[in-house]
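Chain by chain, the residues:
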Amino acid sequence: MSRGRLAERQKQAERYPTDVTDAEWEMVRSFLPAPPKRGRKPTPELREVLNALQYLARSGGGWRMLPKDFPPWQTFYWWFRRFVRRRVSIRAGPRCSAESDCDAQ
């Protein structure tokens, strides 16, 4: 990752409480489609797609109400439809920490 790209990623890190953590990203990444070997790389990154989808699930907002921090809503809607077609489900529930008992929920 280039220095400029790394600085951009650090600036974007954890913008919202619903953003995917590094641990969650490592667990989910293997279920997502691999980037194409040829052609243009997909934009935005799939991690940003997951951030937007979790934001929508938690906030209850509509596609067109995504904050300006995210790219256009049409991009995320396209990815959402692709995940639905592939039956990829992502749980947008409360996060578990060492202090909380997630099994009791």
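Located above this text is the structure these notes cover.
This report concerns the structure included in the present document. Fair warning: this is a prediction, and the values are worked out from it, not measured in the lab.

1. A few points about the nonpolar core
Ranked by internal contacts, the top residues of the largest apolar core, which has 16 residues, are Leu-32, Leu-46, Val-49, Leu-50 and Phe-83. Within the residue set of this core, elements represented by two or more residues are α2 (22-28), α3 (46-59) and α4 (73-85). The element contributing the most residues to this core is α3, with six residues. Beyond its immediate chain neighbours, meaning those up to four positions away, Leu-46 contacts Trp-25, Leu-32, Pro-33, Trp-79 and Phe-83.

2. Thoughts on α4
Over its 13 residues, α4 runs 18 Å from end to end, which matches the ideal 18 Å to within 8%, given 1.5 Å per residue. Contacts made by the buried residues of α4 are with α3. Positioned one or two residues after α4, Arg-87 has a phi angle of 60°, which is positive.

3. Structural notes on the packing of aromatic side chains
The description of an aromatic ring pair rests on the distance of the ring centres and on the angle between the ring planes. Overall, the coordinates contain 10 aromatic pairs when judged by the stated rule. Taking 5.7 Å as the distance between ring centres and 20° as the angle between the ring planes, the aromatic pair formed by Tyr-16 and Phe-70 counts as stacked. Of this pair, Tyr-16 sits in the loop between α1 (3-12) and α2 while Phe-70 sits in the loop between α3 and α4; the two residues are 54 residues apart in sequence, bridging distant segments of the chain. Overall, Tyr-16 belongs to the buried group, its relative accessible area being 18%. Pairing Trp-78 with Trp-79 gives two aromatic rings, centres 5.0 Å apart and planes at 90°, and the pair type is edge-to-face. Its relative accessible area of 45% is what places Trp-78 among the partly exposed residues. A relative accessible area of 6% places Trp-79 in the buried class. An aromatic cluster is defined as three or more aromatic residues linked by ring pairs; in this entry it consists of Tyr-16, Tyr-55, Phe-70 and Phe-76.

Parameters and conventions
- Residues numbered from 1 in each chain as written.
- Predicted model: local features only at pLDDT ≥ 70, side-chain atom pairs only at ≥ 80, totals over all residues.
- Heavy atoms only, no water.
- Core = buried A, V, L, I, M, F, W, Y, C linked by side-chain atoms within 4.5 Å.
- Buried < 20%, exposed > 50% of the residue type's maximum accessible area, 1.4 Å probe, protein only.
- Helix = DSSP H or I, 4+ residues; strand = E, 2+ residues; numbered from the N terminus.
- Contact = heavy atoms within 4.5 Å.
- Expected span 1.5 Å × (residues − 1).
- Phe/Tyr/Trp six-rings, centres within 6.5 Å; stacked < 30°, edge-to-face > 60°.

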